[in-house]
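Coordinate analysis (summary)
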Number of protein chains: 2
Amino acid sequence: MFGIDPGLTRCGVGVVDVARDRSATLVHVGVIRSPVDAPIEARLATIAAGIREVIGLHRPHVVAVERVFAQQNRSTVMGTAQASGIALLIAAENGLSAALHTPTEVKAAITGHGGADKRQVQAMVARILRLDELPKPADAADALALAICHAWRRGVAAPASSGTLTPAQRAWAEAERVSRR
Amino acid sequence: MFGIDPGLTRCGVGVVDVARDRSATLVHVGVIRSPVDAPIEARLATIAAGIREVIGLHRPHVVAVERVFAQQNRSTVMGTAQASGIALLIAAENGLSAALHTPTEVKAAITGHGGADKRQVQAMVARILRLDELPKPADAADALALAICHAWRRGVAAPASSGTLTPAQRAWAEAERVSRR
């Protein structure tokens, strides 16, 4: 499972193996960086090369990408959207299925509440993956959280019964329901 | 000169040859469409394939892409940004130089005023390229306008003297100056 937190300056990439019992193991984590003063097309090519390298090394079957909203009125939102487009294109060109998750869905799946802050996400990702240190920077932790979220979400799709959902799964289902309105 | 008006549902593509005397000739015009109900990664792959096909057929040296702004608060703005990222990536991967122009710069270059409407741009593109009919849809005309704008802009970069600028060139220089503030 390959998670991508898209960005031009820092693009988080994380690969995890998730077992049937929902336990997750770290395979790869990193951040692809591109220089702020480079031409936009060169920056996007750097991001693309980094994503392709991870796919070539780890052969994931699925790519989970953070969904970008225009309402996030940061100056970087256009570059983030462009990087997410690159990530999705590369998934398609490698025959991988792609999924999009909102930050709220990811936080809910990982921590049990959609309003969690970056530090709480980092701490839960470290605990889930049994890491000795917090994954840094936050973009790398977010990429791992996306990958775990999507793997768990697929497991959630057909639970034995809704009574077997964990608090995090219930929070995810609620976040997903809200985002579909 | 290859102009791209990025979009997910309709991506305008236009290739023109521009001579030293600024006269322009139509080489290729079209619209790449992707189905609204297809997965986003498949739509982006369709756009990418269409852009690569134009490059393979016509071997342009430069790609001019419309600059997308987050302030354009349309629901399609994220898809447009993703498509523009794809266009810029493909330019880089083919060793082509890329340029971005705002809609205001393009309208000013083509019609002489940055507030021109779609119909005025279509009419001037038809006149510049000596076409019997207006290029349609507007996305296709915009792609041609981008290509012409960028070719002329390069010519404008080192004019014999500022006194030789046409009204359209002066409007372009003003639009560019404003956009750099």
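Anyway, here's the lowdown on the structure attached to this text. (Residues numbered from 1 in each chain as written. Chains lettered and ligands numbered in written order. Predicted model: local features only at pLDDT ≥ 70, side-chain atom pairs only at ≥ 80, totals over all residues. Heavy atoms only, no water.)

Enumeration according to the criterion identifies zero aromatic pairs over all chains in this entry. Seen from the ring of Trp152(A), Arg22(A) lies directly overhead, with NZ or CZ sitting 4.2 Å from the centre. (Phe/Tyr/Trp six-rings, centres within 6.5 Å; stacked < 30°, edge-to-face > 60°. Lys NZ or Arg CZ within 6 Å of the ring centre and 35° of its normal.)

This brings us to the side chain of Thr111(A). Residues and elements named next belong to chain A. Tracing the sequence through the fold places threonine 111 in helix α3 (residues 103-111). Reaching out from threonine 111, the side chain makes a polar contact with the backbone oxygen of lysine 107 at a distance of 2.7 Å. Among the polar contacts made by the side chain of threonine 111, one reaches the main-chain carbonyl oxygen of histidine 113 at a distance of 2.9 Å. Look past the residues within four positions of threonine 111 in its chain and what remains in contact with it is Ala116, Gln120, Val121 and Met124. (Helix = DSSP H or I, 4+ residues; strand = E, 2+ residues; numbered from the N terminus. Polar contact = N/O pair within 3.5 Å; in protein donor to acceptor, adjacent residues only side chain to side chain. Contact = heavy atoms within 4.5 Å.)

Moving on, we come to unusual backbone geometry. In this structure, the amide linkage connecting Lys136(A) to the following residue, Pro137(A), adopts the cis form with an omega of -5°. Mapped onto the fold, Pro137(A) is located in the loop between α4 (118-128) and α5 (138-156). In this model, Arg22(A) sits at a positive phi of 75°, which is unusual for a non-glycine residue. Looking at the secondary structure, you find Arg22(A) in the loop between β2 (10-18) and β3 (24-33). The backbone of Arg130(B) shows a phi angle near 55°, a positive value even though the residue is not glycine.

Another point: the sheet that holds strand β3 (residues 24-33) of chain B. Residues and elements named next belong to chain B. Taking strand neighbours across the sheet as the criterion, the five strands line up as β3-β2-β1-β4-β5 in an open arrangement whose pairing is mixed. Looking at the sheet topology across the chains shown, the edges are occupied by β3 and β5 (97-101). This sheet shows a mean twist of 20° between the axes of neighbouring strands, independent of strand direction. Here five bridges tie strand β4 (residues 62-66) to β5, and the two strands are oriented parallel to one another. Across the sheet, valine 63 pairs through a bridge with alanine 98, a residue of β5. (Pairing = 2+ DSSP bridges. Axes fitted to C-alpha atoms, helices over the stretch in contact; angles between N-to-C directions.)

Residues and elements named next belong to chain A. Judged by pairing direction, the sheet is mixed, and its five strands sit side by side in the order β3-β2-β1-β4-β5 without closing on themselves. The open sheet has two edge strands with one neighbour each: β3 and β5 (97-101). Going across the sheet, the axis of each strand differs from the next one's by a mean of 20°, ignoring polarity. As judged from the four bridges shared by strand β1 (residues 2-5) and β2, these two strands associate in the antiparallel manner. Note that in β2 the partner of glycine 3 across the bridge is glycine 14. Along the sheet face, helix α1 (residues 40-58) touches β1, β2 and β3 and points at about 155° away from the line of β3.

Further remarks concern the environment of Gly14(B). All names here are of chain B. Its location among the elements puts glycine 14 in strand β2 (residues 10-18). The exposure class of glycine 14 is buried, given its relative accessible area of 0%. Sequence-wise, glycine 14 and isoleucine 148 are 134 residues apart; in three dimensions their C-alpha atoms are separated by 9.4 Å. (Buried < 20%, exposed > 50% of the residue type's maximum accessible area, 1.4 Å probe, protein only.)

Looking now at the relation of the copies chain A and chain B. Relating the two copies of this chain is a rotation about some axis coupled with a shift parallel to it. Mapping chain A onto chain B leaves a residual RMSD of 0.0 Å; the transformation is a rotation of 180° accompanied by 0.0 Å of translation along its axis. A rotation of that kind, with that shift, is consistent with a two-fold axis. If distances are taken from each C-alpha of chain A to the rotation axis, the shortest is found for Gln82(A), at 2.2 Å. A shared interface surface links the copies, since 100% of the contact residues of chain A are contact residues in chain B too. (Least-squares fit on C-alpha atoms with pLDDT ≥ 70 in both.)

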